[in-house]
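If you want the building blocks of each chain, they are given just below.
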Amino acid sequence: MKHACLIVGALGAQLLLPACQSTRPPAVSASFSPMSRVSPLIWQSDAYAVYRDSVVQGRHVARALSRTELTSNYQSPANAFQSPQVSFKFSLNGKDNEMQPGQDHVFVALPSAGATLETPVIVFGQQYVDRTPVPADTYLAPNTPLKIRLDLRPVLAAFQQQGFYQLYNGQKLYKDDLRHVFVAGNTTPLSWDFDNLINKPGLELKDPDGNGIYETTITLNAHTDAKTIARQWKQSLDVSAFPQYTSDHPLLDALYNLALEEAKRAVEPDGTFRTGQEWAGVWTRDISYSIILSQAVLQPEVAKTSLLRKVTPDGRIIQDTGTGGAYPVSTDRMIWAVAAWEIYLTTGDEEWLKKAYPIIRKSIEDDERNAYDPNSYLSFVQSYFLEPGEANPFSPVGRLTHLVRGESSFLDWREQTYPKWMQPVDIYHSENLGTNVVHYQSNQVLALMADKLNHANVASLARDRAVRIESGINGKLWLEEKGYYGQYRYGRVFQHTSPRSEALGEALTVLFGVANADRARTVVARTPVMEYGIPCVYPQTPGIPPYHNNAVWPFVQSYWGLAAAKVGNETAFLESLMAVARPAALFLTNKENFVASNGDFAGTQVNSSVMLWSLSGTLGLVYKGLFGMGFDADGLRFRPFVPQALQGTRRLTGFRYRQAVLTIELTGFGHKIRTITLDGQPLADATVPATLTGTHNIRIELADEAPAPAPQNKVVHHVAPMSPAVRYEAGRLSWTPVEGARAYQVLRNGQFVARTTEPGFAVPNPAVYTEYQVIAVDASGFESFASEPLPVQAERFQHYVQLESAAPKSTKPYKGYSGQGFVETSKTINRSLRLKVTVPAEGLYALDFRYSNGNGPINTSNKCAIRTLARGKQLLGTVVLPQRGVDEWSDWGYTNPILVSLPKGTQVLTLELEEANENMNGEINQAMLDHLRLTRVQ
């Protein structure tokens, strides 16, 4: 089989190489490109170079023929040099439930003459590894058919003998619940996206003859999977109504015009934004981040219409789908508030302000009940429920985080950025950097809106919430030794902080002012950045293909660039401009993401052209970066920042700000203004008043002073070790050695207690409830995610209340419950449950419920059940019961733990569906409840 490979001749002419499956073409340094002889160099790294009119990456060249025309000969290498070693797992019902994380089947797809490729019959749960050696420079041939065969008879036999099959993780799969058998893997069309296997019928195995052997045939490295781009872009839409931009750099001008045209293409006939070429419909986070970057300026009416499309009939912001039925497992919907405020700042539309304000207020007040740290919220806000002399039911010492719970903002594919053991409820219980910064800023926005509308009490409460969240971020997530904020706090009863960086969150701490000036400079200087841009997270997670893991997203890069500009870090700002320009030029469109380790758009699990937030980032870097525009309630301020490499003259014409139309000319470089005039007169504080009307000219001359040198933390691609799978037996923790690990850290109740080089650790019999976790550490000092919390002899500290004692048990035919049955709770059945609980001894208890919720897939529906737990008038916390699978009502798990100080004796608790507990579905808010578990933790 043969592949067509590309080289570049003089000035990027496209030539065909001889077919070459067995050898990889040599890399060509950008510094030797002929482009360097015809166009001044702007920026260069070992990976690519940017010139005034072109980008050169090895053999690939993109060039601006004019300010409205680009060409590129880029060809993705993704299909040309794939390994024939195929890793895969089998999946029952679309879950990663065959073997421990890190254990995969391996088959070497090297065809023999005249033979069809076929795996042996692999027994479910028994790892198969093909030891066939792969010759050097041998790659996967195109259009390779592979029959995959699975022996499911042990599972079927267990169904016949006991009615269920016990999976490796202890979960029971009941006979009636087996609906699909899939294969997941690392080579297209295989995918590690277990949640979406249901949408790929070719990956489902069937047993047509009923003998227990399941099969499917797939085609590896199919020609239809080859990733291609257009060779030329030439402006074809009239974008004259938008601000026109010219500079001394034709490439950047052309990319600006490409972004304008794609912005116009992104508007649907109904007046809303289309998220991307491949993504119809309006997504809360996508449009909000896009509006903040540039669409509030560029297309404010479309922005308003789009935001209002993401509001429920009762006036709450809609949370996009995400893990576990979305809200409140995912809570980043509040970025809507920041976008709504940006529209007001750019337009001055008072009616819009009045329309957005109650939506934001209601949504935040619901979030405060459902997602804010209950120790913080209830200790401070609900203290008035206490009777005189009554003790507070919380134990805030050491447990107050002041943080908001929920999934990482925009990182809504759990396998990509969370350890595999974390269930949706664990993700709800976590406290993420980016999501918390969004909630901080949304409260600041609410306060500012309330000020405008003379709602002083609302403003005061909002600012108080913002201050508490800010203190939590800086107190609990700041990593002094690293110089940036940690990814999130995670765990169960006890939590600790993941030391990974999270690019969007880091950028937002700077832009929204959560980080003070010194910390902001440190964050930009020390957050890890790779050769092609800033990765979403760093280091990467093993066994996870690029999407959020090992990926750069141009819209995140744009926020990072604006953060760099804010702190005056020219190195980071210029490189961000280049990291956004390179893919747009080479791919001739604004893609959603690309692989961080090689810069290619192919190889990511999902992608799209004409991506709204990517193109908005290109525009935002011009408006808010180079021209330094900042929109305030009383004016448009200018704080331009032009890297020395981009010095020259740049002009924006037809720029609309409220009732004014501006022509803005900017000359020089640096970030200090020498002079700024409005219609020839000095402009005070470099700020255009919000009351300005008519057509005006602004001229800004920079002082041509380079800022003080500032570093950037450039790092190479690195994959952290796998998380250990830890067991306990006879006073000892043990685990299988982790590949690449040089040592292990042992955590007890979220705190470091020991370091060992052995795959085991002796632990004493616990006097109190104790959880252990283990972290693998590699030779470079990078840590794995912590293992799943493992309670030791926990039964000594636990007490159970069977819920069928509190309400009539359900007659539904679900299995796997404890006791004599289970109870249904929904919007019409058992909306309120009264639970009489006997507390064996005074102490701090973790209260959680064993439940099931089969109302939909984990990732694409919106039927997470929510309830409020109370003791009399005292609100104890929100109980979250996320979806666990499609119709999998016999799949049981535990809710989030609620920590409460309880006296000895009989207590009456209520579990109730309250107004604030409404989910995004609005109609189905249902779960099955097995028992209440009380664990005395202190």
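What counts as what
Residues numbered from 1 in each chain as written. Predicted model: local features only at pLDDT ≥ 70, side-chain atom pairs only at ≥ 80, totals over all residues. Heavy atoms only, no water. Helix = DSSP H or I, 4+ residues; strand = E, 2+ residues; numbered from the N terminus. Rg over C-alpha atoms; globule rule 2.2 N^0.38 Å. Buried < 20%, exposed > 50% of the residue type's maximum accessible area, 1.4 Å probe, protein only. Contact = heavy atoms within 4.5 Å. Areas by Shrake-Rupley, 256 points an atom, 1.4 Å probe, with all protein chains shown as cover. Phe/Tyr/Trp six-rings, centres within 6.5 Å; stacked < 30°, edge-to-face > 60°. Lys NZ or Arg CZ within 6 Å of the ring centre and 35° of its normal. Expected span 1.5 Å × (residues − 1). pLDDT = per-residue confidence, 0-100. Salt bridge = Lys/Arg side-chain N within 4 Å of Asp/Glu carboxyl O. Pairing = 2+ DSSP bridges. Core = buried A, V, L, I, M, F, W, Y, C linked by side-chain atoms within 4.5 Å. Axes fitted to C-alpha atoms, helices over the stretch in contact; angles between N-to-C directions. Polar contact = N/O pair within 3.5 Å; in protein donor to acceptor, adjacent residues only side chain to side chain. Left-handed = near helix turned anticlockwise from the far one by under 90°. Nonpolar A, V, L, I, M, F, W, Y, C, P; charged D, E, K, R; others polar. Arc of directions from axis to C-beta.

K.L.:
Looking at this structure, how should I read the overall build of the protein?
P.N.:
Of the regular secondary structure elements, the protein holds 16 helices and 55 strands. Against the compact-globule benchmark of 30 Å for 938 residues, the protein has a radius of gyration of 29 Å, which places it among compact chains. Based on the C-alpha atoms only, the size of the protein along its principal axes is roughly 80 × 80 × 55 Å. Put simply, the protein has 938 residues, and 62% of those count as buried. In the protein, 71% of the contacts between residues at least 6 apart in sequence involve partners at least 24 apart. With an accessible surface of roughly 34,400 Å², the protein has 50% of that area assigned to carbon and sulfur atoms.

K.L.:
Explain the packing of aromatic side chains here, please?
P.N.:
Each pair of aromatic rings is reported with the distance of its centres and the angle of its planes. This structure, assessed with the given rule, holds 41 aromatic pairs. With a centroid separation of 5.5 Å and an interplanar angle of 45°, the aromatic rings of tyrosine 289 and phenylalanine 555 are classed as tilted. Here the residue tyrosine 289 occupies a position in helix α3 (residues 284–298), and phenylalanine 555 occupies one in helix α14 (residues 554–567), the gap between them amounting to 266 residues. Judged on exposure class, the residue tyrosine 289 and its partner phenylalanine 555 are both buried. The rings of Tyr289, Phe410, Trp413, Tyr547, Trp553, Phe555, Tyr559 and Trp613 are connected pair by pair, giving a single aromatic cluster. Directly above the ring of phenylalanine 164 sits lysine 172, whose terminal nitrogen or CZ lies 4.6 Å from the centroid.

K.L.:
Honestly, helix α11 (residues 456–477) in this entry has me stumped. Any pointers?
P.N.:
Taking 1.5 Å of rise per residue, the 22 residues of α11 would be expected to cover 32 Å, and the 31 Å separating its terminal C-alpha atoms lies within 8% of that figure. Every buried residue belonging to α11 is among Val458, Ala459, Ala462, Arg465, Ala466, Arg468, Ile469, Gly472, Ile473, Asn474 and Leu477, and all of these are buried.

K.L.:
What is the right way to read the confidence of the model for the protein from this model?
P.N.:
The predicted structure's coordinates, where accompanied by low pLDDT, should not be read in detail. Overall, the prediction assigns the protein a mean pLDDT of 92, with 93% of residues at 70 or greater. Every residue in residues 1–37 scores below 50 in pLDDT, and together they form 82 contacts with partners more than four places removed in sequence or on other chains. When the criterion is pLDDT under 50, residues 381–385 qualifies, and its contacts beyond four places in sequence or with other chains add up to nine contacts.

K.L.:
How should the pattern of salt bridges be read in this particular structure?
P.N.:
Close approach of charged atoms allows side chains of opposite charge to pair. The full count for this structure, using the stated rule, is 54 salt bridges. For lysine 95, the salt bridge goes to glutamate 888, with nearest N and O atoms at 3.3 Å. With lysine 95 in the loop between β8 (85–92) and β9 (105–108) and glutamate 888 in the loop between β51 (885–886) and β52 (893–894), this residue pair connects regions lying 793 residues apart in the sequence. Put simply, arginine 674 and glutamate 701 hold a salt bridge, and the shortest N to O gap is 3.0 Å. Linking arginine 674 in strand β32 (residues 673–678) with glutamate 701 in strand β35 (residues 693–702), this pair joins segments that are 27 residues apart in sequence.

K.L.:
Honestly, the sheet that holds strand β40 (residues 751–756) in this entry has me stumped. Any pointers?
P.N.:
Working definition: the strands of a sheet are paired by backbone hydrogen bonds and lie parallel or antiparallel to each other. Reading across the sheet, the four strands line up as β40-β39-β42-β43 and stay open at both edges, with antiparallel pairing between neighbours. The open sheet has two edge strands with one neighbour each: β40 and β43 (790–791). Examined bridge by bridge, strand β42 (residues 771–778) and β43 share two bridges and lie antiparallel to one another. Of the residues in β43, the one forming a bridge with glutamate 771 is proline 791.

K.L.:
What exactly am I supposed to notice about the nonpolar core here?
P.N.:
By size, the foremost hydrophobic cluster in this structure holds 168 residues, and its most contacted members are Ile360, Phe555, Tyr623, Met629, Phe655 and Ile664. Here this core takes twelve residues from helix α15 (residues 570–587), the largest share from any one element. Ignoring anything within four residues of it in the chain, the contact list for tyrosine 623 reads Pro243, Tyr256, Leu260, Ser294, Leu298, Gly628, Met629, Leu652 and Phe655. Leu150, Phe159, Ala184 and Leu203 belong to the second largest nonpolar core, which has 34 residues in total.

K.L.:
Would you mind showing me how to read the sheet that holds β9 here?
P.N.:
Strands sit in the order β9-β8-β14 across an open sheet of three strands; the sheet is antiparallel. Edge positions in the open sheet fall to β9 and β14 (181–185), since each of these has one partner strand only. Between one strand axis and the next, the sheet turns through 35° on average, direction left out of account. With five bridges joining them, β8 and β14 adopt antiparallel strand pairing. Looking across to β14, one finds that serine 91 is bridged to phenylalanine 182.

K.L.:
Help me out: how do you make sense of the environment of aspartate 96 in this one?
P.N.:
Counting through the fold element by element, aspartate 96 comes out in the loop between β8 and β9. The spacing of aspartate 96 and aspartate 195 is 99 residues in sequence and 8.8 Å in space, taken between C-alpha atoms. A polar side-chain atom of aspartate 96 sits 2.9 Å from a polar atom in the side chain of lysine 420.

K.L.:
Help me understand the pairing of strand β53 (residues 898–902) in this model?
P.N.:
Remark: a regular strand shows side chains that alternate across the two faces of the sheet. The buried count for β53 comes to four of five residues, which makes it a mostly enclosed element. Relative to β53, strand β47 (residues 843–852) is paired through five bridges, and the arrangement is antiparallel. Of the residues in β53, the one forming a bridge with glycine 843 is leucine 902.

K.L.:
Help me understand the packing of α3 against helix α16 (residues 612–626) in this model?
P.N.:
Helix packing geometry: the angle between the two helix axes and the distance between the axes. Interaxial distance between α3 and α16 falls to 8 Å at its minimum, and their mutual angle equals 35°. Along this stretch, α3 crosses α16, giving a crossing that reads as left-handed. Contacts between α3 and α16 involve Arg285, Asp286, Ile287, Tyr289, Ser290, Ile292, Leu293, Ser294, Gln295 and Leu298 from the first element and Leu612, Trp613, Leu615, Ser616, Gly617, Leu619, Gly620, Tyr623 and Lys624 from the second. Residues of the contact of α3 with α16, tallied by class, amount to ten nonpolar, six polar and three charged.

K.L.:
Would you mind going over the side chain of threonine 272 with me for this structure?
P.N.:
For threonine 272, the location among the structural elements is in the loop between α2 (250–265) and α3. Assessed through its relative accessible area of 2%, threonine 272 is described here as buried. For threonine 272, the side chain forms a polar contact with the side chain of aspartate 270, separated by 2.7 Å. Setting aside residues up to four positions removed in sequence, threonine 272 forms contacts with Ala266, Val267, Val282, Val302, Thr305, Ser306 and Arg309.

K.L.:
Would you explain the side chain of serine 498 in this entry?
P.N.:
If you trace the backbone, serine 498 turns up in the loop between β22 (495–497) and β23 (501–502). Residue classification places serine 498 among the buried positions, given a relative accessible area of 0%. Here glutamine 487 takes part through its side chain, which lies 2.7 Å from a polar atom of the side chain of serine 498. Excluding residues within four positions of it along the chain, serine 498 makes contact with Leu479, Gly486, Gln487, Tyr488, Tyr490 and Phe785.

K.L.:
Explain helix α1 (residues 153–162) to me, please; I cannot follow it from the model alone.
P.N.:
Each α-helix turn comprises 3.6 residues. Residues three or four places apart therefore point the same way. For α1, every residue scored as buried is listed here: Val155, Ala158 and Phe159. The buried residues of α1 occupy an angular sector of 105° when the element is viewed end-on, so they sit on one face. With respect to the buried face of α1, the exposed residues turned more than 90 degrees away are Gln160 and Gln161. Those residues of α1 that are buried are in contact with β12 (164–166) and β13 (172–174). Downstream of α1 by one or two residues, glycine 163 has phi in the positive range, about 85°.

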